[in-house]
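The lines below spell out each chain.
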Amino acid sequence: MVKQERAARTRQALIQAAAEVFAEEGFVTASLSTISKRAGVSNGALHFHFANKGMLADAVEAEAAKAVGRITEAARAWQGDSLQAVVDATHELMRSLAHDTVVRGGFELAGDSTRRGESSLRTQWQHWVEDSLRRAERNGALAEGVSWADSARVIVAATAGFEVLGGDDNSWLSRQNVTRFWEVLLPRLAGRQDLDRLVSSGSRPSAAVSSTERPSG
């Protein structure tokens, strides 16, 4: 059991280190020796867990996908099939991109042209937003004449923009910036009966930053 726990810790350290290096250098430039050094393990230990860099990148993206899944599931559990769930999930995703190294690294890999077609992380977010807007339209939560498909495109495009710009300047991912985006969009998007109840800044306080997350700035 002790050996298994040690192996699990080593594997997680490698994923964490790889996410940091991929986010900083990109997939092609990142070296396994840099990753193993960052994780504090030998190259042999790295290859014991991951046969090559591609498998390590896959593991980073898989961990990031789990994190995104937790964000979207929590938003829907809290707010159901409402626009508020989309607002809340957007805030939490941007917070994670700003502070969670694995999520940041996963999205950096998703946008890497050398791995295009291999990642489903951005598609995962897009599909959830589309499904959420479709549900909101069925519930009569969208303004008259506004389609779920058009709304989803705007939200996905905006969040992708925040993600990319936030790679160089974390202020793009701030709660203030995301709130302003929703302040502009919600009056056009939401039906009048729901607009006054929607909270552009998110209906839940941001979760505490964990010890595995990198500081913003």
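A short tour of the structure in this document, coming up. (Residues numbered from 1 in each chain as written. Predicted model: local features only at pLDDT ≥ 70, side-chain atom pairs only at ≥ 80, totals over all residues. Heavy atoms only, no water.)

Topic: the nonpolar core
Going by this rule: Only buried Ala, Val, Leu, Ile, Met, Phe, Trp, Tyr and Cys residues count toward a nonpolar core, and they belong to the same one when joined by side-chain atoms within 4.5 Å. Relative accessibility under 20% of the residue-type maximum defines a buried residue, over 50% an exposed one, and the middle range a partly exposed one, all with a 1.4 Å probe and only protein chains included. By the criteria applied, helices consist of DSSP H or I runs no shorter than four residues and strands consist of E runs no shorter than two, each listed in order from the N terminus. Pairs of residues are marked as contacts when any of their non-hydrogen atoms sit within 4.5 Å.
In this structure, F22, I35, L133, W182 and L189 are the most contacted members of the largest nonpolar core, which totals 61 residues. Where this core is concerned, the elements lending two or more residues are α1 (2-25), α2 (32-39), α4 (53-79), α5 (83-99), α6 (101-110), α7 (121-138), α8 (148-166) and α9 (175-189). Not counting residues up to four positions away in its chain, the partners in contact with F22 are F27, A30, I35, K53, L56, A57, V60, E108 and L109.

Quick notes on the side chain of T10
Structurally, T10 can be placed in helix α1. The class for T10 is buried, based on a relative accessible area of 18%. Not counting residues within four places of it along the chain, the set of residues in contact with T10 comprises V41 and H49.

Here's the deal with α4
Formally: One less than the residue count of a helix, multiplied by 1.5 Å, gives the span that helix is expected to have. Think of a polar contact as two N or O atoms within 3.5 Å of one another; within protein, one of them needs to be a possible hydrogen donor and the other a possible acceptor, and neighboring residues in sequence only count if both atoms come from side chains.
The terminal C-alpha atoms of α4, which comprises 27 residues, lie 39 Å apart, in line with the 39 Å expected from a rise of 1.5 Å per residue. In this structure N52 caps α4, since a side-chain oxygen of it lies 3.1 Å from the backbone nitrogen of G54. Two residues or fewer after α4 comes G80, characterised by a positive phi angle close to 65 degrees.

Topic: the pattern of salt bridges
To keep it simple, the criterion reads: What makes a salt bridge here is a side-chain nitrogen of Lys or Arg within 4 Å of a carboxyl oxygen of Asp or Glu, nothing more.
Using the criterion set out here, one finds 13 salt bridges in the structure. E24 is the partner of R38 in a salt bridge, and the nearest nitrogen-oxygen pair spans 3.0 Å. Within this pair, whereas R38 is found in helix α2, its partner E24 is found in helix α1, the two being separated by 14 residues in sequence. Accessibility expressed as a relative area gives 37% for R38, which makes it partly exposed. In this structure, the salt-bridge partner of D131 is R134, at a minimum N-O distance of 3.6 Å. Separated by three residues within a single helix, D131 and R134 lie in helix α7, roughly one turn from each other. One continuous salt-bridge network, built from bridges that share partners, spans R76, D81, D131, R134 and R135.

Section: the packing of aromatic side chains
Put simply, the rule reads: Between rings of Phe, Tyr and Trp, where Trp is taken as its six-membered ring, a pair exists when centres lie within 6.5 Å; planes separated by under 30 degrees are stacked, by over 60 edge-to-face, and by other angles tilted.
A complete count under the given rule lists five aromatic pairs for this structure. The interplanar angle of 40 degrees and the centroid separation of 5.8 Å between the aromatic rings of F22 and F27 together place this pair among those described as tilted. The pair formed by F22 and F27 is uniform in burial state, with each residue classed as buried. Among the aromatic residues, those joined into a cluster by ring pairs are F162, W172, F181 and W182.

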